[in-house]
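Observations on chain architecture
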Amino acid sequence: MKAFDNQMVYITGGSSGIGLELAKLFSSLGADILLVARNSEKLETGKQLAEKAKKNSGQKIMTLSVDVSDHRDVYGKMQQAVMEFGAPDILINSAGINKYADHFENISNEMFNEVMNINVNGVRNVTHALLPAMKEKKGHVVILSSAAALFGMFGYTAYATSKAALMGFAESLRYELKPLGMPVTVLCPPEVDTPMNLDEVETLPKEGRAMKSMGGFLMPDHVAKVIVKAIAKKQYFVIPGRSTALLYFFHRISNGFLSRFVSDFVVKRATFEK
Ligand SMILES: NC(=O)c1ccc[n+]([C@@H]2O[C@H](COP(=O)([O-])OP(=O)(O)OC[C@H]3O[C@@H](n4cnc5c(N)ncnc54)[C@H](OP(=O)(O)O)[C@@H]3O)[C@@H](O)[C@H]2O)c1
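This section reports on the structure supplied with the text.

Procedures and definitions
The numbering scheme is per chain: residues are counted from 1 as the chain's sequence reads. For a predicted model such as this one, the threshold for reporting local features is a pLDDT of at least 70, and the threshold for listing and counting side-chain atom pairs is 80 or more; totals across whole chains, interfaces and linings nevertheless cover every residue. As a rule here, side-chain values come from all non-hydrogen atoms in the structure, and water together with hydrogens is ignored. Here a Phe, Tyr or Trp ring, Trp counted by its six-membered ring, pairs with any other such ring whose centre lies within 6.5 Å, and the pair is stacked when the planes are under 30 degrees apart, edge-to-face when over 60, and tilted otherwise. Strands are runs of DSSP state E lasting at least two residues, helices are runs of H or I lasting at least four, and both sets are numbered from the N terminus onward. Exposed residues in this analysis have more than 50% of their type's maximum accessible area, buried residues have under 20%, and partly exposed residues fall in between, with area computed by a 1.4 Å probe over protein chains only. A 3.5 Å cut-off defines polar contacts: any pair of N or O atoms within that distance qualifies, except that in protein one atom must be a possible hydrogen donor and the other a possible acceptor, and neighbouring residues in sequence count only when both atoms are side-chain atoms. The contact definition used throughout considers only heavy atoms, calling two residues in contact when any of these lie within 4.5 Å.

Tallied over the entire structure, the rule returns 6 aromatic pairs. Ring centres 6.1 Å apart and planes at 85° place the aromatic pair phenylalanine 151 and tyrosine 248 in the edge-to-face group. Placement of phenylalanine 151 in helix H5 (residues 148-151) and of tyrosine 248 in helix H9 (residues 242-253) is noted, with a sequence separation of 97 residues between them. The class for phenylalanine 151 is partly exposed, based on a relative accessible area of 25%. Their ring planes at 70° and their centres at 5.4 Å tell us that phenylalanine 249 and phenylalanine 250 sit as a pair that is edge-to-face. Taking the relative accessible area as the measure of exposure, phenylalanine 250 reaches 36% and is therefore partly exposed.

See below:
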């Protein structure tokens, strides 16, 4: 795998799941890392794990506690971070939530807005705050969307909406950053074995559970490797996981007909299952 010695990598959501696996992997590849999330204790644990994976003793692993949905706090703290640690060569927007996976009628305005504020505005806030400093380095912007953005999913009106918004954001940003020599990468993983999935256990309707299983189930260390390879190759759009990539192929060639036909069948079967 490519070395990332002397590269500064900022990872939002770096204290857990995919972000944490990325931190460990980038650490083993020689990068300096800034882990960004809200909970300081989880950040400290993540830092220790990334420290253990270091390739060279001189690498720096730092943490920053910030709520990405709070734009004032993000601007202040990101400016400070750039002054203290240097601008990122790679910014990975992995912070996100998947709360309120439920029938749409059970999702209040407040719940919907919370998901949009963190998953969409959070990516917007961090990327906007860091862009001026990243321009000089021709930095790489990475965005974690989801397979839910490609197909939609039963019970995911809030989450899939937020992740689909990121697809439009990434596609538009790519046009603006390409002339500046700044790569953008957007990823759409299916279900990954991380703490995020615990948030939906109680509320995700069985139809959603059945649909979700169609995409496969990946380990976070595998997804982290796929992401690092995509960054090294400067790929724009990546779907980790063969099942989801295949489903998306049929989705596109049939203008959605095939994937909806199969998903409708899976939903109907789940509805009548005890
Ligand atoms: N797991 C999956 O099945 C899956 C599938 C497709 C895409 N994804 C996407 O991949 C990304 C990472 O997911 P994951 O599974 O690794 O989730 P995770 O294990 O739950 O980690 C989420 C991370 O985001 C941070 N975070 C959440 N809200 C934040 C906020 N307001 N401000 C700052 N940090 C915040 C969390 O730390 P704090 O709570 O301490 O802030 C944590 O570090 C997400 O964008 C997710 O949508 C996940």
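By the secondary structure assignment, aspartate 89 is in the loop between helix H3 (71-85) and strand E4 (90-93). Under the relative-accessibility criterion, aspartate 89 is labelled buried at 15%. A polar contact is formed between the side chain of aspartate 89 and the backbone nitrogen of methionine 8, at a distance of 2.8 Å. Apart from the residues lying within four places of it in its own chain, the contact partners of aspartate 89 are Asn6, Gln7, Met8, Lys137, Gly139 and His140.

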